[in-house]
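What the coordinates show
Residues per chain are reported as follows:
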Amino acid sequence: MDTKRKSYTHLNALSATECGSVEPINERIVGGIPVEDNSFSWMAALYYDNKFCCGGSLLSDRYVITAAHCTTKPDRGLFRVQFGINDRSKPIATSIERSVKRILTNWYNAFNNNNDIALLELTYPVAISDRVMPICLPQATEMYEGSRGIVTGWGRTKAGGGLSGTLMQTEVPILTNRECRRAGYWAFQITNKMLCAGYLEGGKDSCQGDSGGPLQVLNTKSNHYELVGVVSWGRACAQKNFPGVYTRVSQYLYWINRNIKDSCLCS
């Protein structure tokens with residue numbers, strides 16, 4: 001069993017119109033295509049000791065959501081987060097960088113990857129704009145089964161390959177947990193706080209380096225993206241019968257809202 005991918009081999013101002021807005025993109029990481037510049041303006045790149053380690057998503061002007069296994073490094077002061085970038089190898093003048101003031105986790109279990117979710121409180125707020133914008137949280141009662149999700153990240157484009165300098169995206173179907181448990185994983189490995197997305201025949205998937213990044217679904221009624229999952233773990237990348245496993249964000253809405261209530265979406 002592998003992690004992704006930790007490898008085994010004022011909030012009241014929030015409204016649906018202020019988050020998750022994205023320019024129209026083509027239907028489209030392993031089996032992915034490059035993201036058009038600024039298409040996913042909530043994407044965050046997480047670095048530790050000046051080395052890229054994970055992805056994340058901006059939730060408000062002061063909080064980023066990522067995977068808990070991305071935050072287990074010993075020195076919080078060595079983390080920094082970048083926003084407004086597409087190609088990590090070519091920093092631009094309009095990019096924004098913040099260090100991390102506090103890391104919040106929720107009973108993360110490194111043995112079975114349960115509760116693989118973390119909030120990063122930034123040292124200073126970021127200004128919300130068209131270029132840097134939070135993603136919307138998911139609907140509490142929506143399972144999203146059968147929906148087409150888009151996963152984005154700077155991870156490996158093939159198992160064993162190098163990290164991507166350019167932000168990539170790929171589209172994957174969201175499976176039921178029953179489908180995932182009946183695929184290649186042992187049933188006990190897939191808890192109700194996880195969801196699976198990918199093709200059972202393989203070919204498209206998140207991979208090492210994509211950890212902490214978003215699995216997002218377009219709400220066609222509001223035309224805004226909702227954060228359905230956080231890249232967590234899986235067996236290798238894009239293998240047959242082993243879809244990617246994500247933290248199910250809807251299971252943590254109370255915890256998220258309680259902890260980010262001192263922040264806001266400021267236009």
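Residues numbered from 1 in each chain as written. Predicted model: local features only at pLDDT ≥ 70, side-chain atom pairs only at ≥ 80, totals over all residues. Heavy atoms only, no water.

**Quick look at the overall build of the chain**
Using the following cut-off: Put simply, DSSP marks the helices as runs of H or I at least four residues long and the strands as runs of E at least two long, and each gets a number from the N terminus on. Here's how the labels work: a residue is buried when its accessible area is under 20% of the maximum for its type, exposed when over 50%, partly exposed in between, all with a 1.4 Å probe on protein chains only. Here the Shrake-Rupley method, with its probe set to 1.4 Å, supplies the accessible areas, and only the displayed protein chains count as covering residues.
Per the secondary structure count, the chain includes 2 helices and 13 strands. Across the 267 residues that make up the chain, the buried fraction comes to 57%. Of the roughly 11800 Å² of accessible surface on the chain, a fraction of 50% belongs to carbon and sulfur atoms.

**Quick notes on the sheet that holds strand β3 (residues 51-58)**
Test applied: In this description, strands pair whenever DSSP reports at least two bridges between them. To obtain each axis, a line is fitted to C-alpha atoms, and for helices this fit is confined to the stretch in contact; angles are then taken between N-to-C directions over 0 to 180 degrees.
Strand order in the closed barrel formed by 6 strands is β2-β3-β4-β7-β6-β5, and the pairing between neighbours is antiparallel. Each strand axis lies, on average, 45° off the axis of its neighbour in the sheet, ignoring direction. Pairing geometry for strand β6 (residues 96-105) and strand β7 (residues 118-122), over 5 bridges, is antiparallel. Within β7, the position partnered with L104 by the bridge is L119.

**A look at the nonpolar core**
Rules: Nonpolar cores were defined as sets of buried Ala, Val, Leu, Ile, Met, Phe, Trp, Tyr and Cys residues, with membership established by side-chain atoms within 4.5 Å.
Counting residues in each nonpolar core, the largest one holds 44 residues, and the members touching the most others are V81, F83 and I256. Contributing elements (two or more residues each) for this core: β2 (43-48), β3, β4 (63-66), β5 (79-83), β6, β7, β12 (224-233) and α2 (253-259). With 6 residues, β2 is the largest single contributor of residues to this core. Counting 12 residues, the second-largest nonpolar core is a separate cluster that includes L215, V228, V231 and Y246.

**Looking at the packing of aromatic side chains**
Aromatic ring pairs are defined here through the distance separating the ring centres and the angle between the ring planes. The following threshold applies: Pairing of aromatic side chains requires ring centres within 6.5 Å, counting the rings of Phe and Tyr and the six-membered ring of Trp. Pairs whose planes differ by under 30 degrees are stacked, by over 60 edge-to-face, and all others tilted.
One pass over the full model with this rule turns up 8 aromatic pairs. Arranged with centres 5.8 Å apart and planes meeting at 75°, the rings of Y47 and F52 form a pair that is edge-to-face. Taking the relative accessible area as the measure of exposure, Y47 reaches 7% and is therefore buried. Residue F52 is classed as buried on the basis of its relative accessible area, which comes to 12%. For the pair F52 and W154, a centre-to-centre distance of 6.0 Å together with 75° between the ring planes defines the contact as edge-to-face.

**Observations regarding the state of the cysteines**
Put simply, the rule is: Pairs of cysteine sulfur atoms within 2.5 Å are what we label disulfides.
Taken as a whole and assessed by the stated rule, the structure comprises 4 disulfides. Across the disulfide from C54 sits C70; the S-S distance is 2.1 Å. One quick way to see it: the torsion about the S-S bond of C54 and C70 is about -90°, and its sign makes the bridge left-handed. Of this pair, C54 sits in strand β3 while C70 sits in the loop between β4 and β5, and the two are 16 residues apart along the sequence. The pair C54 / C70 is uniform in exposure class, with both members buried. Unpaired in this structure, C53 has its nearest cysteine sulfur neighbour in C54, at a distance of 4.5 Å.

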